[in-house]
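Topology and contacts: notes
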Amino acid sequence: MRGMKPTNNPSSVLRLVTGAAGALAVSGLFALPASAQSQGIILEEIKVTAQKREESLQDVPISVATMQGESLNALFSGSEDILALSGRVPGLYAESSNGRSAPRFYLRGLGNIDFDLAASQPVSVVMDEVVMENVVLKGFPLFDVQNIEVIRGPQGTLFGRNTTAGIVKVNTRRPTDELSGYVKGSYGRYATQNFEGAVGGSLIDGELNARVSVLHRSRDNWITNGYTGQKSMGRYKETAGRLQFEWTPTDRLTALLSHQNRSLDGTSSIFRANVFTTGRNDLNQNYDRDVVYYDGGDNNPQAYQSHGTTLNLTWDFDNVTVSSITSYQQADGFSRGDIDGGVVDFTQSVGVPPGITFDPNVNIFGDPALTFPGTINTSSVTQDGADTDQLTQEFRIASNGAERFNWQIGAFYFRSDLVVTTDSFASFGFVSVQDTKIQQENDTWAVFGQGSWDVTDRLNLTAGVRYTDDEKHFQVLQFGQLWLDLGIPTFLAAPISVDDGQLSWEASANFAFTDDASLYARVANGFRAQTIQGRDVAFLETPTVAKPETIDSIEAGIKADMFGGRGRVNFAVFHYEVDDMQLSVIGGATNTNQVINAAAGEATGYELEADFLITDYFLLSIGTSYNDTEIKDPTLGTVPCGSGLCTPLDPVNPAVAGQVLVDGNPFPRAPKTTHNLNMRLHAPVRNNSELYLATDIVWYGDINMPLYEAVEFKTDGHYETGVRLGYKNHDSGWDFALYGRNVTDQDNVLGFVDFSNNTGFVNEPQTYGIEVTWEFGE
């Protein structure tokens, strides 16, 4: 396989083998009692569409995890956004510094830490067969969802470029001819509200079905600005809706028309000044979850709107199915933030709150200032907005699965237009007459094919290939007025165009060595298209360009049903290497936002998922992952934090003053381990009802947040727990529950800002409340 080399890290291989041995022993550790094995209730079969056709999860030769039903819905009882998916399946991590928009996903350690609204990501979000390319589109709220598939490893053959890490695939509920739906409402701490509902059924018997779904999520302000004394941050109001019509004029043609909208207004991410003490990585006395001190940022407002329309046509012929998926998606809005996270007072007359560290005489741009909490070297307030739209078209012809050889071929087209607006003067106290605007346009086309051959009743071979052509164009539409007044260097305004063509491929084998267990192996190649990062133009820096990264991946695994259908264990090991790995240089003493290429990156690890129906009344699900990631480039350097802010652990770069070398570092924001556990206990009561208790726990191991390594910006042992206690009547469809999210009120650091001071931002607070649900039909 092109570019693949054996790992040269014996210790990581030893840990991998040890972990694999332990994982394969799980079935022995969780052996079910004979009485439980004899019961009639079994685990539900899980269907997935990871290969763009419906198959049993246990038959797919790819590492796939799913979330669905009650355990998925419970994650959003406290009005959480899409980041609630983080850690809920092994190897998946998510965070954001843009509030409830622009999430960043990581799979098997591979992701992108860039906060910019033009950043490309190696984890793709696909919703109802449509790729949500821009980070703003990825944040569309989850409601009325059938299931979510997390497909690990390169998926370039069927899903295209920018899937080098994998896919988060969201499948919403489609219309049916049966009247069905639900209504759900919850109310909790901070006046947190989550109301959603859906209803669907037949409009014309046998011909036209419809479904409408709605959502409202909100929370009151709960964070006090200690500088003004007002409780003025933390609020949000989010509404969304989806309308679907499914028309079947003949028994061969199905047309599904879907339209969805979203409106978000609230608070963006909350940055907290100097919450790390130099030499330590725990939160210090300056941290108070409920209080910040802001003299800028206008309380960090955020507002976004988005809408999208998709037409999915399917023609079913005798031997083949022809599909066409046409979609248009659009979003626009902004986020503003006090990035330094504190107060910079040039009058030096503001009273400092008790217990808060401060510096009475900081020199900022030649003027003395009083700053708190702690020393703030640069006042920083920024606002970024995005206006993006995309058009996608896919045509696909697939065999109908009646023969030993099944195939599919297709073509794909993508076009997007993105305008990013940056207010680069707020930090200096100016009201900008004209902000900086940049535009990025992206055109992509691809052709692909995949074939799957049942060699015997137990052995299946699959192979696929895709060719992709990708073009990007960048230009500066306008500069901020202050820069124009000062005179802009003309080279900053030069447009940039890059293009590339790449071949992606895959091959896999699946062998069912018993009726209930199979072994599989898969090799795959994919790529992330070239990237242009132009945000620094707003700060008089030149744009940067990274060439495409390519990935070669190999994985092998076992999928087994056991104990008469009351147990399921899926285990996979993997190794991948990324050539010309795209990395983002964010912040540091020079406060830059650049994209670069490392020579290579590699990772080795495993994932384990297991479900056990211990008794008819006790379901246990566990998951664990291990990711040993490493940047491979002996000359690659970056500028670490501002002077004296942190404690870099990397060697000094002898070739470039002020830089450290990052060769051998783990990938940024890549949890070395993740663990998740779900338990559900229930007790039957009269009238076909039950009392139940459900809990979910997620735990993260070592995470190195920046590109460089520093004592202050490492996390370890973070966890969150959710719980749900309820009564459910299966005949009437009513469910009454008490819920809690982040029950132990853990303060988990999600990110940092390192150019002005040791700023941090954290996870969502503890919430609890009551939820009532009524389901009807189906």
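Residues numbered from 1 in each chain as written. Predicted model: local features only at pLDDT ≥ 70, side-chain atom pairs only at ≥ 80, totals over all residues. Heavy atoms only, no water.

Counting its regular elements, the protein contains seven helices and 45 strands. Against the 2.2 N^0.38 benchmark of 28 Å for 778 residues, the protein shows a C-alpha radius of gyration of 26 Å, consistent with a compact globule. The principal-axis extents of the C-alpha atoms in the protein amount to approximately 75 × 60 × 55 Å. Looking at the protein residue by residue over its 778 residues, the buried ones come to 60%. Pairs at least 24 apart in sequence give 69% of the contacts found in the protein among residues at least 6 apart. (Helix = DSSP H or I, 4+ residues; strand = E, 2+ residues; numbered from the N terminus. Rg over C-alpha atoms; globule rule 2.2 N^0.38 Å. Buried < 20%, exposed > 50% of the residue type's maximum accessible area, 1.4 Å probe, protein only. Contact = heavy atoms within 4.5 Å.)

The next point concerns the sheet that holds strand 21 (residues 359-364). If you trace the three strands from one edge of the open sheet to the other, you get 20-22-21, paired in antiparallel fashion. Looking at the sheet topology across the chains shown, the edges are occupied by strand 20 (343-345) and strand 21. Between one strand axis and the next, the sheet turns through 40 degrees on average, direction left out of account. In terms of strand pairing, strand 20 meets strand 22 (residues 367-372) through three bridges, oriented antiparallel. Note that in strand 22 the partner of Asp345 across the bridge is Leu370. (Pairing = 2+ DSSP bridges. Axes fitted to C-alpha atoms, helices over the stretch in contact; angles between N-to-C directions.)

Segments scoring low in pLDDT should not have their predicted coordinates read at a detailed level. The predicted model of the protein averages 92 in pLDDT, with 93% of residues at 70 or higher. Taken as a whole, residues 1-39 scores under 50 in pLDDT and shows 66 contacts with residues more than four places along the chain or in a different chain. (pLDDT = per-residue confidence, 0-100.)

A separate point is the side chain of Thr767. One can find Thr767 in strand 45 (residues 767-776). Residue classification places Thr767 among the buried residues on the basis of a relative accessible area of 2%. Not counting chain neighbours up to four residues away, the residues in contact with Thr767 comprise Gly78, Glu80, Arg189, Tyr190, Arg219, Tyr739, Gly740 and Arg741.

Summed over the entire model, instances satisfying the criterion amount to 46 salt bridges. One salt bridge connects Arg336 with Asp423, and the closest N-O pair in it is separated by 3.4 Å. One end of the pair, Arg336, is in strand 19 (residues 320-338); the other, Asp423, is in strand 24 (residues 405-423), and 87 residues separate them in sequence. For the residue pair Arg336 and Asp423, the accessibility class agrees, reading buried in each case. In this structure, Asp457 engages Arg404 in a salt bridge whose closest nitrogen and oxygen atoms are separated by 3.8 Å. Note that Asp457 is positioned in the loop between strand 25 (436-454) and strand 26 (459-478) and Arg404 in the loop between strand 23 (381-399) and strand 24, a separation of 53 residues in sequence. It is possible to trace a salt-bridge network through shared partners that takes in Arg108, Arg152, Glu555, Glu607 and Glu609. (Salt bridge = Lys/Arg side-chain N within 4 Å of Asp/Glu carboxyl O.)

On to the pairing of strand 28 (residues 517-528). Both faces of the sheet carry side chains from a regular strand, because those side chains alternate between them. Counting buried residues in strand 28 gives nine out of 12 residues, a clear majority hidden from the surface. Relative to strand 28, strand 27 (residues 496-512) runs antiparallel, the two sharing eight bridges. Counterpart to Ala509 in the pairing with strand 28 is Ala521. Taken together, strand 27 and the strand that follows it, strand 28, pair antiparallel across an intervening segment of four residues. Note that strand 28 and strand 31 (residues 549-562) share 12 bridges and pair antiparallel. Note on strand 31: the bridge partner recorded for Gly526 is Ile551.

Quick look at the state of the cysteines now. Two cysteines joined by a covalent bond between their sulfur atoms form a disulfide. By the definition in use, this model includes one disulfide. A sulfur-sulfur distance of 1.9 Å marks the disulfide that ties Cys641 to Cys646. Torsion about the S-S bond of the Cys641 and Cys646 cystine: about -90 degrees, corresponding to left-handed handedness. (Disulfide = S-S within 2.5 Å.)

Judged by side-chain polarity, Leu179, Val199, Leu203, Ile204, Val212, Val214, Leu243, Phe245, Leu257 and Leu311 come together as a nonpolar surface patch covering roughly 800 Å² of accessible area. For the nonpolar patch, the secondary-structure elements that each account for two or more residues are strand 11 (192-204), strand 12 (208-219) and strand 15 (236-247). Ranked by residues supplied to the nonpolar patch, first place goes to strand 11 with three residues. Relative to the helices and strands, Phe245 resides in strand 15. (Patch = residues over 30% accessible without salt bridge, like charges linked within 9 Å, V, L, I, M, F, W, Y side chains within 5 Å. Areas by Shrake-Rupley, 256 points an atom, 1.4 Å probe, with all protein chains shown as cover.)

All right, on to the nonpolar core then. Formed by 101 residues in total, the largest nonpolar core has its most connected members in Leu85, Leu142, Ile148, Tyr708 and Phe713. For this core, the element with the most residues is strand 32 (residues 567-587), which contributes six residues. Those residues in contact with Phe713, other than ones at most four positions away along the chain, are Phe276, Cys641, Cys646, Ile703, Asn704, Met705, Pro706, Tyr708, Phe752, Asp754 and Asn758. Within the second largest apolar cluster, 15 residues are counted, among which are Ala517, Val569, Leu608 and Ala610. (Core = buried A, V, L, I, M, F, W, Y, C linked by side-chain atoms within 4.5 Å.)

Moving on, we come to the sheet that holds strand 8 (residues 145-152). If you trace the five strands from one edge of the open sheet to the other, you get 3-8-9-6-7, paired in mixed fashion. Looking at the sheet topology across the chains shown, the edges are occupied by strand 3 (64-68) and strand 7 (130-132). Between one strand and the next, the sheet's axes are offset by a mean angle of 25 degrees, whatever the strand orientation. Looking at chain direction, strand 8 and strand 9 (residues 166-172) are connected through seven bridges and run antiparallel. Across the sheet, the residue bridging to Asn147 is Asn171, located in strand 9.

This next bit is on a negative patch on the surface. Taken together, the side chains of Asp177, Glu178, Asp205 and Glu778 present a region of like negative charge at the surface. As for its placement among the helices and strands, Glu178 is situated in the loop between strand 9 and strand 10 (180-188). Looking at Glu178, the relative accessible area reads 45%, which means it is partly exposed. (Lys, Arg positive; Asp, Glu negative; His and termini not counted. Charge placed at Lys NZ, Arg CZ, Asp CG, Glu CD.)

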